[in-house]
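A look at the structure
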Amino acid sequence: MTETAPAPYAGPKRILSGVQTSGSLHLGNYLGAIVKFVRLQEEAECFYFLADLHAITVWQDPAKLAGQMREVAAAFIASGVNPNKAAIFPQSAVPEHAELAWIFNCVARLGWLDRMTQFKEKSGQHKERSSVGLYTYPVLQAADILVYKATHVPVGEDQKQHLELTRDIAQKFNNDFGAPGFFPITEPVIEGPGARIMSLRDGAAKMSKSDPSDNSRINLLDEADAIAQKIRKAKTDPEPLPETLDELKLRPEADNLVGIYAALAGRPKAEVLAQFTGQGFGAFKPALAELAVERMRPIGDEMRRLMADPTEIDKVLKAGVEKARAVAGPVVAETKTLVGFWDAKA
Ligand code: TYM
């Protein structure tokens, strides 16, 4: 991919991220992304959207799609995203995303997309039966980001490659259309022990909503006893916790549980390990279960309250769409001028 130095960008700091509306959210989404949304809303203007256009790259039941979208919105709000500080809105309600995505489809190269590992994982053995949308998914993601000229994008580690593609598209657009610094070269915000949460059943697999075993993940809507039971049943080994992070790394399941504890507690992993060194899982798991229930129960309860009355969520979404379009509209208009389209308003 292109290696030229980033062009100067003079615009304001802007934070953006999205979560797909394709089913229930889990602890990985929360610790990898949503926790950071809450922290970053104190730093700059924020746009957090419900990625329903991305969700339909694989089949979604039309009768459930809007409800799934509201559930993600409820998760944001219940986790502490403040609608007065951050715009929360469905991607499909802001047509500028799809419009810019088309232009970017003509900027991105097939060779770039052919390298995307997430497409390879999701399309599996049957690439020819996947939707075209699943293939161009990362191009739409670049449009989501650059339609707000977002400078920082908080995501989990699995999104790193998509963020690199976004940077390449911005760079190529700026070069091709003689507009240095028009689009920012966006920085991913991927850090801390929450960036890669693994399955509770297999320390080598990512915690994921597509895992057939519900015991592999903690869902945001799980009740307290389900959370505690899943942690009790989590795969581990018979050894006590080691002294160093290097030793811990060799034991993926143990490493994951210590990482989850650290991310939930907002403490460095080394500090958590020091606290539990020499103890077995008979002592560590109950401590983790207690912490997880304490942190997650209020979020689940608040989500259920919000989802019981969609009018509150819908009000937030309508205000979010307005804020989003006020920024995205002019960016798409300028982009179209750079591309050379006829301007109906001129
Ligand atoms: P999605 O819905 O698959 O994931 C939402 C967020 O959760 C993070 N995540 C994890 N983090 C840590 N450990 C895990 N096991 C784990 N599983 C998921 C993801 O990294 C992500 O941050 N393509 C995006 C959605 C998107 C987007 C965007 C994000 C569409 N357009 C523009 C940022 C900017 C995604 O994977 O969503």
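Remember, it's a predicted structure, so these values are computed and weren't measured experimentally.

1. Describing the overall build of the protein
Within the protein, the secondary structure is distributed over 14 helices and five strands. A globule of 346 residues ought to have a C-alpha radius of gyration of about 20 Å, and the protein, at 21 Å, matches this closely. Counting the 346 residues in the protein, one finds 50% classified as buried. Once local pairs closer than 6 in sequence are excluded, the contacts in the protein between residues at least 24 apart make up 77%. Roughly 16000 Å² of accessible area belongs to the protein as shown, and the carbon and sulfur atoms make up 54% of that amount. Averaging the positions of the 41 positive and the 44 negative side-chain charges in the protein gives two centres separated by 2 Å.

2. Overview of the site of the ligand
Around the ligand sit 28 residues, and of these Tyr 137, Asp 144, Asp 158, Gln 159 and Ile 197 come closest. For the ligand, a nitrogen atom lies 3.1 Å from a polar atom in the backbone of Gly 28. With respect to the ligand, the backbone of Gly 156 contributes an N or O atom lying 2.8 Å from an oxygen atom. Secondary-structure elements contributing two or more residues to the shell around the ligand are β1 (14-20), α1 (27-40) and α7 (132-146). The dominant element in the shell around the ligand, judged by the number of residues it contributes, is β1, at five residues. A per-class count over the shell around the ligand returns eleven nonpolar, twelve polar and five charged.

3. Notes on the packing of aromatic side chains
Throughout the structure, instances matching the rule amount to 16 aromatic pairs. Centroid distance Phe 119 to Tyr 135: 5.1 Å. Interplanar angle 80 degrees. Geometry classified as edge-to-face. Remark: Tyr 135 occurs in helix α7 and Phe 119 occurs in helix α6 (residues 117-123); sequence separation between them is 16 residues. Judged by relative accessible area, Phe 119 falls into the buried class, the value being 10%. With a relative accessible area of 15%, Tyr 135 lands in the buried category. Seen in terms of ring centroids, Tyr 261 and Phe 284 are 5.7 Å apart; in terms of plane orientation they differ by 35 degrees. Their pairing is tilted. Of this pair, Tyr 261 sits in helix α11 (residues 252-265) while Phe 284 sits in helix α13 (residues 281-308), and the two are 23 residues apart along the sequence. Taking relative accessible area as the criterion, Tyr 261 reaches 10% and is therefore assigned buried. Chaining the aromatic ring pairs together yields one cluster made of Phe 104, Phe 173, Phe 177, Phe 182 and Phe 183. For Lys 149, the ring lying beneath its charged end belongs to Phe 182, and the centroid distance is 3.8 Å.

Rules used throughout
Residues numbered from 1 in each chain as written. Predicted model: local features only at pLDDT ≥ 70, side-chain atom pairs only at ≥ 80, totals over all residues. Heavy atoms only, no water. Helix = DSSP H or I, 4+ residues; strand = E, 2+ residues; numbered from the N terminus. Rg over C-alpha atoms; globule rule 2.2 N^0.38 Å. Buried < 20%, exposed > 50% of the residue type's maximum accessible area, 1.4 Å probe, protein only. Contact = heavy atoms within 4.5 Å. Areas by Shrake-Rupley, 256 points an atom, 1.4 Å probe, with all protein chains shown as cover. Lys, Arg positive; Asp, Glu negative; His and termini not counted. Charge placed at Lys NZ, Arg CZ, Asp CG, Glu CD. Near = heavy atom within 4 Å. Polar contact = N/O pair within 3.5 Å; in protein donor to acceptor, adjacent residues only side chain to side chain. Nonpolar A, V, L, I, M, F, W, Y, C, P; charged D, E, K, R; others polar. Phe/Tyr/Trp six-rings, centres within 6.5 Å; stacked < 30°, edge-to-face > 60°. Lys NZ or Arg CZ within 6 Å of the ring centre and 35° of its normal.

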